[in-house]
Amino acid sequence: MPHDIDVVAKICAHHNHDPAALLEILHDTQEHFGCVSDEAARRIAQDLNISRADIHGVRSFYGDFTRDTDKPKLKLCRAEACQAVGSEELARRLSARGIASETIYCLGNCALGPAAMIGKRLIGRASAELLEAELADD
């Protein structure tokens, strides 16, 4: 989805075109569009008077920022607590079903592992069947 550059400009203006607010601007852009496209990054760089390399550095460091909306919507915890209750087997089962997931190392739901997240929904005691159904409803 192409970004409406006027919306990106309004997001930058909302943060007073402050380069120190780059992280918040990227979050707001991601929230509004589902990603931070290269087009949006160019506009943010222009409006904040910073380099696109600065934006690239932040965008690539933080895993939540995507360049397009094709990134998997499913995040699967692969940290030790979730591994102990089957996250590796779950990842294999999802892959065998053709379901793409992004590896995350802790969703803060260790007591209910394996933990997963779809969008902003945290899912505990995840199974391949449950996640497949949740993705279908999404």
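In this report, we go over the structure that sits alongside the text. Every value quoted in this text rests on a predicted model; they were computed, and no experiment measured them.

Within the secondary structure, Thr-66 sits in the loop between helix 4 (52-61) and strand 1 (74-77). Thr-66 sits 28 residues away from Asp-38 along the chain, and the two C-alpha atoms are 9.9 Å apart.

Pairing in this open sheet of 4 strands is mixed, and the strands run 2-1-3-4 from one edge to the other. Because the sheet does not close on itself, it has two edges, and the strands there are strand 2 (102-104) and strand 4 (121-123). Taking each pair of neighbouring strands and ignoring which way they run, the sheet shows an average axis angle of 25°. Alignment of strand 1 against strand 2, held across 3 bridges, turns out to be parallel. Opposite Cys-77, over in strand 2, you have Ile-104 as the bridge partner.

Turning our attention to the side chain of Ser-37. Along the chain, the position of Ser-37 falls in the loop between helix 2 (22-33) and helix 3 (38-48). Among the residues examined, Ser-37 registers a relative accessible area of 11% and is labelled buried.

This part takes up the pattern of salt bridges. Counting across every chain of the model gives 10 salt bridges. Among the ionic pairs, Glu-134 bridges to Arg-121, the shortest N-O distance being 2.7 Å. Here Glu-134 is found in helix 7 (residues 128-137), whereas its partner Arg-121 is found in strand 4, with 13 residues between them in sequence. According to the relative accessible area criterion, Glu-134 is partly exposed, its value standing at 22%. Here Arg-121 falls in the partly exposed class, since its relative accessible area comes to 35%. Within the structure, one salt-bridge network assembled from shared partners comprises Arg-93, Arg-97, Glu-129 and Glu-132.

About the thresholds
Every chain is numbered independently, its residues counted from 1 as its sequence is written. Where local features are concerned, this predicted model is filtered to residues with pLDDT of at least 70; where side-chain atom pairs are given and counted, the filter is 80 or more; whole-chain, interface and lining totals use all residues. To obtain the side-chain values, all non-hydrogen atoms of the structure were used and water was disregarded. Counting from the N terminus, the helices are DSSP H or I runs at least four residues long and the strands are E runs at least two residues long. Two strands are said to pair when DSSP picks up at least two bridges between them. Lines fitted to C-alpha atoms define the axes here, with helix axes fitted over just the stretch in contact, and angles between the N-to-C directions of these axes take values from 0 to 180 degrees. Relative accessibility decides the category of a residue: with a 1.4 Å probe and only protein chains considered, values under 20% of the type maximum give buried, values over 50% give exposed, and everything between is partly exposed. Definition used for salt bridges: Asp or Glu carboxyl oxygen within 4 Å of a side-chain nitrogen of Lys or Arg.

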